[in-house]
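In case you want the letters, here they are:
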Amino acid sequence: MSEYEIVTDESGVRLAPVPPSLITVTRVVYALHALSILIGVFTGASIATAFVFGWPSIIAVIINYVERSDVRGTYLDSHFSWQIRTFWYALLWIILVWLLGLLLAIFLIGFAIWIVGFVILGIWVCYRIIRGWMRLSDGLPMPM
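What comes next is a walk through the structure. What you see is a predicted model; the values in this text were computed from it and never measured.

Analysis parameters
- Residues numbered from 1 in each chain as written.
- Predicted model: local features only at pLDDT ≥ 70, side-chain atom pairs only at ≥ 80, totals over all residues.
- Heavy atoms only, no water.
- Salt bridge = Lys/Arg side-chain N within 4 Å of Asp/Glu carboxyl O.
- Buried < 20%, exposed > 50% of the residue type's maximum accessible area, 1.4 Å probe, protein only.
- Axes fitted to C-alpha atoms, helices over the stretch in contact; angles between N-to-C directions.
- Helix = DSSP H or I, 4+ residues; strand = E, 2+ residues; numbered from the N terminus.
- Parallel < 35°, antiparallel > 145°, perpendicular 65-115°, else oblique.
- Left-handed = near helix turned anticlockwise from the far one by under 90°.
- Contact = heavy atoms within 4.5 Å.
- Nonpolar A, V, L, I, M, F, W, Y, C, P; charged D, E, K, R; others polar.
- Phe/Tyr/Trp six-rings, centres within 6.5 Å; stacked < 30°, edge-to-face > 60°.
- Lys NZ or Arg CZ within 6 Å of the ring centre and 35° of its normal.

Let us look at the pattern of salt bridges. If you walk through the whole model with that rule in mind, you get two salt bridges. For Asp-77, the salt bridge identified is with Arg-68, shortest N-O distance 3.9 Å. The two residues Asp-77 and Arg-68 agree in class, both being buried. Measuring nitrogen to oxygen at the nearest pair gives 3.3 Å for the salt bridge that ties Arg-72 to Asp-77. The exposure class assigned to Arg-72 is partly exposed, which follows from its relative accessible area of 49%.

This part is about the packing of helix H1 (residues 20-42) against helix H3 (residues 55-71). With their axes 9 Å apart at the nearest point, H1 and H3 run at an angle of 160° to one another. As summarised for this structure, H1 and H3 are arranged roughly antiparallel, according to the angle between their axes. Between H1 and H3 lies a crossing whose hand is left-handed. Facing H1, whose interface residues are Leu-22, Val-25, Val-29, Leu-32, His-33, Leu-35, Ser-36 and Ile-39, H3 presents Pro-56, Ser-57, Ile-59, Ala-60, Val-61, Ile-63, Asn-64, Glu-67, Asp-70 and Val-71. In terms of residue class, the contact of H1 with H3 is made up of 12 nonpolar, four polar and two charged.

With that settled, consider the packing of aromatic side chains. Applying the stated criterion to the full structure yields four aromatic pairs. Taking 5.1 Å as the distance between ring centres and 90° as the angle between the ring planes, the aromatic pair formed by Phe-87 and Trp-88 counts as edge-to-face. Owing to a relative accessible area of 6%, Phe-87 belongs among the buried residues under this scheme. Following the ring pairs from residue to residue traces out a cluster consisting of Phe-51, Phe-87 and Trp-88. Geometry around Trp-82 places Arg-128 over its ring, the cationic atom sitting 3.5 Å from the centre.

A few words now on the environment of Val-97. Structurally, the position occupied by Val-97 is in helix H4 (residues 76-104). Each C-alpha atom of the pair Val-97 and Trp-114 lies 6.2 Å from the other, and the pair is 17 residues apart in sequence. Here Val-97 is in contact with Ile-113, Trp-114, Gly-117 and Phe-118, once residues within four sequence places are set aside.

With that out of the way, let us pick up the packing of H1 against H4. It is the contact of H1 with H4, at a shortest axis distance of 11 Å, that shows an interaxial angle of 20°. On the basis of the axis angle, H1 is roughly parallel to H4. The hand of the H1/H4 crossing is left-handed. Contact with H1, carried on its side by Leu-22, Ile-23, Val-25, Thr-26, Val-29, Tyr-30 and His-33, involves Leu-76, His-79, Phe-80, Trp-82 and Gln-83 of H4 and no other residues of that element. Across the contact of H1 with H4, the residue classes break down as eight nonpolar, four polar and no charged.

Below you can see the structure in the form of structure tokens.
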């Protein structure tokens, strides 16, 4: 009998057993990302910029890359991919919104693009972290 929790996906297929310590690491990574979001909410930074440039999220992504080989073949691998993609896509969108806003700042519409773009990006980041953490709590992998 395995000492690890047996997890199944939505269709009832058994997934590889996962040590509780790796589940804890995944929770810590979500918590670090959530801390960056909270820093963005309660400071002058936007959620998106605090998420990408804040130390908690940078530490979280480093943990993702360091521990990624340990979660291969488990449902946590999908969570690690979800977290990594959220970070890098947020960075990409920050750069695109910033550049587009800069180009259109001459016409004053660039300021609106910055505001709207960063608000939408902040909502997207919150959604990704909340959804991932909820599925982790339910013991479910993230859809690919």
